Amino acid sequence: MSVDPALLSILRCPDEHHAELRHDASAQTLTCTECGRIFEIRDGIPVLLLDEARQPASDEEGGAE
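Described below are features of the structure shown in this document. Bear in mind the structure is a predicted one, so any value in this text is a computation, not a measurement. (Residues numbered from 1 in each chain as written. Predicted model: local features only at pLDDT ≥ 70, side-chain atom pairs only at ≥ 80, totals over all residues. Heavy atoms only, no water.)

A covalent bond between the sulfur atoms of two cysteines is referred to as a disulfide. Scanning the model with the defined rule gives zero disulfides in all. Sulfur of Cys13: no disulfide; nearest cysteine sulfur belongs to Cys32 and is 3.7 Å away. (Disulfide = S-S within 2.5 Å.)

This is how it looks when you write it as C-alpha coordinates:
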(Lines give C-alpha, C1' and ligand atoms only; values in the text may rest on other atoms or scores of the structure.)
Protein backbone atom coordinates (compact mmCIF):
# COMPACT_ATOMS: atom_id res chain seq x y z
CA MET A 1 0.00 0.00 0.00
CA SER A 2 1.45 3.37 -0.94
CA VAL A 3 1.26 6.69 0.88
CA ASP A 4 -0.33 9.68 -0.85
CA PRO A 5 2.45 11.94 -2.22
CA ALA A 6 0.53 15.04 -1.06
CA LEU A 7 0.59 13.67 2.50
CA LEU A 8 4.30 12.90 2.28
CA SER A 9 5.02 16.49 1.23
CA ILE A 10 3.55 17.93 4.44
CA LEU A 11 4.64 15.34 7.03
CA ARG A 12 7.41 16.36 9.42
CA CYS A 13 9.24 14.73 12.32
CA PRO A 14 7.18 14.97 15.51
CA ASP A 15 10.24 16.02 17.54
CA GLU A 16 10.68 19.71 18.36
CA HIS A 17 12.84 20.39 15.27
CA HIS A 18 10.02 19.31 12.88
CA ALA A 19 12.48 18.38 10.14
CA GLU A 20 11.53 16.90 6.78
CA LEU A 21 11.15 13.16 6.39
CA ARG A 22 12.79 11.07 3.66
CA HIS A 23 10.52 8.34 2.25
CA ASP A 24 11.87 4.85 1.53
CA ALA A 25 9.11 3.12 -0.42
CA SER A 26 10.81 -0.28 -0.49
CA ALA A 27 11.37 -0.36 3.29
CA GLN A 28 8.04 1.35 4.03
CA THR A 29 9.70 3.89 6.32
CA LEU A 30 10.15 7.61 6.80
CA THR A 31 13.52 8.85 8.09
CA CYS A 32 14.02 12.22 9.74
CA THR A 33 16.64 14.31 7.95
CA GLU A 34 17.64 15.95 11.25
CA CYS A 35 17.72 13.30 14.01
CA GLY A 36 17.72 10.17 11.84
CA ARG A 37 14.78 8.51 13.61
CA ILE A 38 13.07 5.91 11.45
CA PHE A 39 9.26 5.79 11.44
CA GLU A 40 7.42 2.79 10.00
CA ILE A 41 4.55 2.98 7.58
CA ARG A 42 1.94 0.36 8.48
CA ASP A 43 -0.90 -0.41 6.07
CA GLY A 44 -0.22 2.87 4.27
CA ILE A 45 -0.33 4.93 7.48
CA PRO A 46 2.83 6.63 8.80
CA VAL A 47 3.32 5.92 12.52
CA LEU A 48 4.82 9.21 13.71
CA LEU A 49 5.16 8.37 17.40
CA LEU A 50 8.52 9.13 19.00
CA ASP A 51 8.15 6.13 21.33
CA GLU A 52 7.77 3.76 18.38
CA ALA A 53 10.51 5.23 16.18
CA ARG A 54 13.75 3.32 15.69
CA GLN A 55 17.00 5.08 16.37
CA PRO A 56 19.50 5.26 13.50
CA ALA A 57 22.24 2.64 13.49
CA SER A 58 25.35 4.03 15.11
CA ASP A 59 28.80 3.45 13.66
CA GLU A 60 30.12 3.14 17.22
CA GLU A 61 27.97 0.13 18.15
CA GLY A 62 30.01 -3.02 18.23
CA GLY A 63 33.13 -1.12 17.26
CA ALA A 64 36.64 -2.42 17.74
CA GLU A 65 38.21 -1.96 21.16
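Right, picking up where we left off after that structure.
Turning next to the environment of Ser26. One can find Ser26 in the loop between β1 (21-24) and β2 (29-32). The class of Ser26 is exposed, set by a relative accessible area of 72%. Among the polar contacts made by the side chain of Ser26, one reaches the side chain of Asp24 at a distance of 2.8 Å. (Helix = DSSP H or I, 4+ residues; strand = E, 2+ residues; numbered from the N terminus. Buried < 20%, exposed > 50% of the residue type's maximum accessible area, 1.4 Å probe, protein only. Polar contact = N/O pair within 3.5 Å; in protein donor to acceptor, adjacent residues only side chain to side chain.)

Quick look at the pattern of salt bridges now. With the rule as written, the count across this model stands at three salt bridges. The shortest N-O distance in the salt bridge between Asp15 and Arg37 comes to 2.7 Å. Taken together, the positions of Asp15 in the loop between α1 (5-10) and β1 and Arg37 in the loop between β2 and β3 (38-42) put the pair 22 residues apart, joining distant regions of the chain. Of the two residues examined, Asp15 and Arg37, each falls in the buried class. (Salt bridge = Lys/Arg side-chain N within 4 Å of Asp/Glu carboxyl O.)

On to the side chain of Thr29. Position of Thr29 among the secondary structure elements: in strand β2. What makes Thr29 buried here is its relative accessible area of 6%. Contact partners of Thr29, with chain neighbours within four places excluded, come to Arg22, His23, Asp24, Ile38, Phe39, Glu40, Ile41 and Arg54. (Contact = heavy atoms within 4.5 Å.)

Now for the pairing of β2. Residues Thr29 and Thr31 of β2 are buried on one face, and the alternating residues Leu30 and Cys32, pointing to the opposite face, are buried as well. Taken together, the three bridges between β2 and β3 define a ladder with antiparallel strand orientation. When the bridges of β3 are listed, Leu30 appears paired with Phe39. Here β2 hands over to β3 after five residues, with Gly36 in that stretch at a positive phi of 85 degrees. (Pairing = 2+ DSSP bridges.)

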